Number of protein chains: 2
Amino acid sequence: MPETTDELLETLTEQFSELPGLGPKSASRIVGHLLVERRDLAESLVRSLSSALKCAHQCPKCNTLTTAGELCPVCSDPARAADVICVVEQPADQAAIEASVAYRGLYFVLMGRINPIRGVSPADLGIGKLLARIRTEQVREVVIATSYTAEGETTAHMITSVLRRQYPQLRVTRLARGLPVGVELEYTDAPTISAAMADREAVKS
Amino acid sequence: MPETTDELLETLTEQFSELPGLGPKSASRIVGHLLVERRDLAESLVRSLSSALKCAHQCPKCNTLTTAGELCPVCSDPARAADVICVVEQPADQAAIEASVAYRGLYFVLMGRINPIRGVSPADLGIGKLLARIRTEQVREVVIATSYTAEGETTAHMITSVLRRQYPQLRVTRLARGLPVGVELEYTDAPTISAAMADREAVKS
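Let me sum up the structure you'll find in this document. (Residues numbered from 1 in each chain as written. Chains lettered and ligands numbered in written order. Predicted model: local features only at pLDDT ≥ 70, side-chain atom pairs only at ≥ 80, totals over all residues. Heavy atoms only, no water.)

1. Digging into the relation of the copies chain A and chain B
To keep things clear, this is the line we draw: Here the copies are matched by least squares. The fit uses the C-alpha atoms of residues with pLDDT of at least 70 in both. Between two residues, a contact is recorded if the distance between any of their heavy atoms is within 4.5 Å.
Superposition record for chain A on chain B: RMSD 0.1 Å, screw rotation 180°, translation along axis 0.0 Å. Such a combination of rotation and displacement between the chain copies is what one expects of a two-fold axis. Looking at the rotation axis and the C-alpha trace of chain A, the residue lying nearest is Val46 of chain A, at 2.7 Å. With an isologous cut-off of 70% or more, the 100% of interface residues of chain A that recur at the interface of chain B puts this contact in the isologous class.

Here is the structure:
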């Protein structure tokens, strides 16, 4: 009896469905889109992903993903302020901060966050490397930019306590909590409103 | 002045963000995931997508996407009932029906739906090919399985009227509307409840 499923298409769909944020339905839609309407996009994806696989590596200084030379473009840019390090969980967070154009210092990408349940400890996040950079690069401030989630808070707390112990003089900051810009107050969740209330600022006239 | 963005990673992220259902944020997360944690998945994706690009084509009989021989596995399966054709919008819909194991006939995949605003007319959906199949394959029933959305309804209406005109004896059906299985009544939207009420069935004791 012949197979009534197409093995290659099924494998391809399964592979797409393993990507973060995708499931079997969205993967199936993507495969149809790529092989019928956007073969050009499928071809460029194959090309870029193959090249990226060949040359992508983690920056030895900040851990971020890069396909440029040894150091990533941010670490090798002499115009960036070298005395401030922003600690983020993953390259996507770094990309979000870069897109805001509100920060001109350097980064340290944890490539994860503390998770006692999955057994991710401070040592797994390579905090030793961050400590070494603070010592050798005469860092004046560390901005902790982890999310305000349970895991993000634990990670921030752990990093802060290590930094306080080793470098009591270092300025350690975190991104402000508050109302998201462009969102109605009535749709903002209670913990965010309560944080925004606690950190309310005097209006500058 | 050196570039502070990584061109290849940016290109790759942009390409992923063009896939249906993805945006810049999810694309950025996917790229990090593929190049750091799941290089094995990235490599298999490149392999399967390249092979699929080489051999994927539309089945000349039902239009669905296939990487098998000339005809797709469903059309070439002699065990399928040849006198029923189920009309769907896209391969993903066909996959959903196949997964339900509730249908053993053949298919006709429209590869789109009527959309007067984007200028998609009945002719663009190749209805002529469906009409020819009904004539030559002695089809007894056509099951229209378009979605219950404005565009799906328009498409179903158009196909029904063409079929009625050309083949007054043909049985034309549509998938039943009603309560989704496994969803609480209180979370079901009003048009669905009203359709389920109108089509209510006598309880078989």
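There's more to say after this.
2. Remarks on unusual backbone geometry
All names here are of chain A. What counts, and what does not: The secondary structure listing takes helices from DSSP runs of H or I that are at least 4 residues long and strands from runs of E that are at least 2 residues long, numbered from the N terminus. Note on classification: 1.4 Å probe, protein chains only; a residue is buried when its accessible area is under 20% of the maximum for its type, exposed when over 50%, partly exposed between these limits.
Non-glycine residue Met111 carries a positive phi angle of around 60°. Mapped onto the elements of the fold, Met111 is located in the loop between strand 4 (105–109) and helix 5 (127–136). Given a relative accessible area of 27%, Met111 falls into the partly exposed group. One non-glycine residue with positive phi stands out, namely Gln138, at about 50°.

3. So, the packing of helix 3 (residues 39–55) of chain A against helix 3 (residues 39–55) of chain B
Put simply, the rule reads: For helices, the axis comes from a line fit to the C-alpha atoms of the stretch in contact; other axes are also lines fit to C-alpha atoms, and the angle between any two N-to-C directions lies between 0 and 180 degrees. For any pair of crossing helices, the crossing counts as left-handed if the nearer helix is rotated counterclockwise from the farther one by less than a right angle, and right-handed if it is rotated clockwise. Classification used: nonpolar for Ala, Val, Leu, Ile, Met, Phe, Trp, Tyr, Cys and Pro, charged for Asp, Glu, Lys and Arg, polar for all others including Gly.
Direction vectors running N to C along helix 3 of chain A and helix 3 of chain B enclose 145°, while the axes themselves pass 10 Å from each other. Judged by the twist between their axes, the crossing of helix 3 of chain A over helix 3 of chain B is left-handed. Residues Arg39, Ala42, Glu43, Leu45, Val46, Leu49, Ser50 and Leu53 of chain A of helix 3 of chain A pack against Arg39, Ala42, Glu43, Leu45, Val46, Leu49, Ser50 and Leu53 of chain B of helix 3 of chain B. Residues belonging to the contact of helix 3 of chain A with helix 3 of chain B are distributed by class as follows: 10 nonpolar, two polar and four charged.

4. As for the interface of chain A and chain B
Rules: As a working definition, buried area equals the accessible area (1.4 Å probe) given up by two parts on being put together, with both sides summed. In the sections that follow, a salt bridge refers to a side-chain nitrogen of Lys or Arg positioned within 4 Å of a carboxyl oxygen of Asp or Glu.
Tallying the contact residues gives 58 residues for chain A and 59 residues for chain B. Where chain A abuts chain B, roughly 5000 Å² becomes buried across the two surfaces, and 72% of that area is made up of carbon and sulfur atoms. Between the two partners, chain A and chain B, sit two salt bridges. Here Arg38 of chain B ties to Glu18 of chain A by a salt bridge, and the two come within 3.1 Å at their closest N and O atoms.

5. Observations regarding the sheet that holds strand 6 (residues 171–174) of chain A
Residue and element names in this part refer to chain A. Operational definition: If DSSP finds at least two bridges between two strands, the strands pair.
Here four strands make up an open sheet; going across it, the order is 4-3-5-6 and the pairing parallel. Sheet topology places strand 4 and strand 6 at the edges, where each strand pairs with a single neighbour. Across the sheet, the axes of successive neighbouring strands diverge by a mean angle of 25°, strand direction being ignored. Bridge count between strand 3 (residues 81–88) and strand 4: five bridges; the pairing is parallel. When the bridges of strand 4 are listed, Ile85 appears paired with Leu106. This element, helix 6 (residues 150–166), spans strand 3, strand 5 (141–144) and strand 6 of the sheet and lies at about 170° to strand 6.

6. A word on the pairing of strand 6 of chain A
All names here are of chain A. Note the following rule: Throughout, right-handed denotes a crossover for which the path from the first strand over the helix to the second runs clockwise when the strands point away from the viewer.
One ladder, built from four bridges, connects strand 5 with strand 6; its direction is parallel. Within strand 6, the position partnered with Val143 by the bridge is Thr173. Considered for its hand, the β-α-β crossover made up of strand 5, helix 6 and strand 6 is right-handed.

7. Looking at the pattern of salt bridges
A complete count under the given rule lists 18 salt bridges over all chains for this structure. The salt bridge partner of Glu151 of chain A is Arg113 of chain A, with a shortest N-O separation of 2.7 Å. Note that Glu151 of chain A is positioned in helix 6 and Arg113 of chain A in the loop between strand 4 and helix 5, a separation of 38 residues in sequence. For Arg113 of chain A, a relative accessible area of 31% puts it in the partly exposed group. Notably, a salt bridge pairs Arg174 of chain B with Glu153 of chain B, separated by 2.7 Å at the nearest N-O pair. Here Arg174 of chain B, found in strand 6 (residues 171–174), pairs with Glu153 of chain B, found in helix 6 (residues 150–166); they are 21 residues apart in sequence, far enough to count as distant. Under the relative-accessibility criterion, Arg174 of chain B is labelled partly exposed at 26%. Take Glu153 of chain B: its relative accessible area is 33%, and that puts it in the partly exposed class. Salt bridges linked by common partners bring Glu18 of chain A together with Arg38 and Asp40 of chain B together as one network.

So, to be careful, I would describe these as geometric facts and stop short of saying anything about function.
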